[in-house]
Amino acid sequence: MTEKSPKLRAALDGIPTYKPGKPAATGGPLAFKLSSNENPYPPLAGVLETVADAAASLNRYPDLACTALIAELAERFEVPLEHLATGTGSVGMAQQLVQSTAGPGDEVIYAWRSFEAYPIITQIAGATSVQVPLTDDEVHDLDAMADAITDRTRLIFVCNPNNPTSTVVRRAELERFLDRVPSDVLVVLDEAYVEFIRDERVPNGVDLYRDRPNVCVLRTFSKAYGLAGLRVGFAIAHEPVAAALRKTAVPFGVSQLAQDAAVASLRSEDALRERVDALVTERGRVWEALAAQGWTIPDCRANFVWLRLGERTLDFAAVCEAAGVVVRPFAGEGVRVTIGEREANEIFLRTAEAFRKEL
Ligand SMILES: *Cc1c(COP(=O)(O)O)cnc(C)c1O
């Protein structure tokens, strides 16, 4: 008798697996990981102690409602408690939003190339991805995205700044776009890197959401706050979107360690700003150095730079790795390189310079 395997939903066939940034090699003399947009700094002062305290209660379930964190966020952003939801990283929340809005026959629009989780979570829901190419300047083509809306569109992701190109859309163009989106289509502003923006013309999603009930802002503690390992993010949206996020959350998904660390991090605003400022300064230095080497690179607004290397992408990633820095290649397209420790950035710059001379 031949055993049949369990019946799995056909929607799962062919889903690309999420590729985590390659870890830095161990054992070599030098190995830096610039492949996952992580913060090179350790957690903020006091956060480790807070986590250690919370660890004493690991036999207990966490606070299901994330009460203290939600209260802290409500005060910080001046939004009602009911407009907040927390989740296991903003990727988890993006998945909940797709699950809440779209199923078979429905469409999810996003720019491409953009965050690689979008196609995966769309396919898991059984919905259809509508990928709208970036402009030649590597920016979201918001006019084309609005043109792509049909009566099957349920959700649109706008990744601002965009991963992996580090480019932004500005206030006027984003508002014009939002004005064109029907009120029954959810727009998710994925602002994972918002703290790194130094451009007055880029809007803060929290300002845009206030009078737009179809806008949901996603934020995370993984990048600027340096808590990627704890898995905690949050969303700001009107009812009933925020309520949908609470309904679809994995019960007790956000650990007490993560909740307490997030609250402590929010209270260390000055230290946070200092670190983010240092990374932004370093980003400027890296960008200038690359430009001086002759590379054409878009202005970067997040904690990474994007080199469109086309067919040379994998070669470049390999020479970087040999030199001691692991970067994130997108075969045939380009390489995303996180701004990391100064020593790591220096290795990357030296490698880029040598590679450029051979082009
Ligand atoms: C890193 C990232 C996230 C956040 O991930 P977490 O799940 O919060 O760690 C979300 N969106 C984009 C575009 C990202 O690059």
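Just so you know, these numbers come straight off a predicted model, no measurement behind them. (Residues numbered from 1 in each chain as written. Predicted model: local features only at pLDDT ≥ 70, side-chain atom pairs only at ≥ 80, totals over all residues. Heavy atoms only, no water.)

Peer 1: Got a sec to walk through the UniProt feature "domain: Aminotransferase class I/classII large" (unreviewed entry) in the protein? Specific residues and values, please.
Peer 2: Summarizing the sequence annotation, UniProt attributes the feature "domain: Aminotransferase class I/classII large" (unreviewed entry) to residues 33-349 in the numbering used throughout. Secondary structure content for residues 33-349 is 39% helix and 17% strand, while the C-alpha to C-alpha distance between its ends is 15 Å. (UniProt positions renumbered as here; feature names shortened; annotations may be inferred. Helix = DSSP H or I, 4+ residues; strand = E, 2+ residues; numbered from the N terminus.)

Peer 1: An account of the UniProt feature "modified residue: N6-(pyridoxal phosphate)lysine" (unreviewed entry) in the protein is requested, with residue identities and associated values reported.
Peer 2: According to UniProt, the "modified residue: N6-(pyridoxal phosphate)lysine" (unreviewed entry) feature falls on Lys223. Following the sequence through the fold, Lys223 ends up in the loop between strand 7 (215-220) and strand 8 (233-237). Given the relative accessible area of 16%, Lys223 is considered buried. Those residues in contact with Lys223 that sit more than four places away from it in its chain are Ser36, Asn37, Asn39, Ala192, Tyr193 and Phe196. (Buried < 20%, exposed > 50% of the residue type's maximum accessible area, 1.4 Å probe, protein only. Contact = heavy atoms within 4.5 Å.)

Peer 1: Explain the side chain of Gln293 to me, and be specific about the residues and the numbers.
Peer 2: Structurally, the position occupied by Gln293 is in the loop between helix 10 (269-292) and strand 9 (304-307). Assessed through its relative accessible area of 17%, Gln293 is described here as buried.

Peer 1: Describe the site of the ligand, naming the residues involved and giving the relevant values.
Peer 2: Lining the immediate environment of the ligand, one finds 13 residues, of which Ser90, Tyr193, Thr220, Ser222 and Lys223 sit closest. The contact in question runs from an oxygen atom of the ligand to an N or O atom on the side chain of Tyr193, over 2.6 Å. Computed on the free molecule, the ligand has an accessible area of 380 Å², of which 94% lies beneath the protein chains in the complex. Structurally, the ligand is housed in the second largest pocket. Broken down by element, the shell around the ligand gets its largest block of residues, three residues, from helix 3 (residues 89-101). (Near = heavy atom within 4 Å. Polar contact = N/O pair within 3.5 Å; in protein donor to acceptor, adjacent residues only side chain to side chain. Areas by Shrake-Rupley, 256 points an atom, 1.4 Å probe, with all protein chains shown as cover. 1 Å grid on protein atoms, 1.4 Å probe; cavity = no way out; pocket = protein on both sides within 12 Å on 5 of 7 lines; lining within 4 Å. Sits in = over half its atoms within 2 Å of the grid points.)

Peer 1: Hey, could you go over the packing of aromatic side chains for me, with residue numbers and the actual values?
Peer 2: Applying the stated rule across the entire model yields 13 aromatic pairs. Their ring planes at 40° and their centres at 5.7 Å tell us that Phe77 and Phe234 sit as a pair that is tilted. Highlighted residues: Phe77 in helix 2 (residues 67-77) and Phe234 in strand 8, separated in sequence by 157 residues. Side by side, Phe77 and Phe234 carry an identical accessibility label, which is buried. Where Tyr110 meets Tyr118, the ring centres are 5.7 Å apart and the plane angle is 55°; that geometry is what we call tilted. Three or more aromatic residues joined by ring pairs make a cluster, and in this case those are Tyr110, Trp112, Phe115, Tyr118 and Phe157. For the cation-ring pair, Arg328 lies above Phe330, with the distance from its terminal atom to the ring centre recorded as 4.3 Å. Its guanidinium or amino end placed over the ring of Trp295, Arg356 lies 5.1 Å from that ring's centre, counting from NZ or CZ. (Phe/Tyr/Trp six-rings, centres within 6.5 Å; stacked < 30°, edge-to-face > 60°. Lys NZ or Arg CZ within 6 Å of the ring centre and 35° of its normal.)

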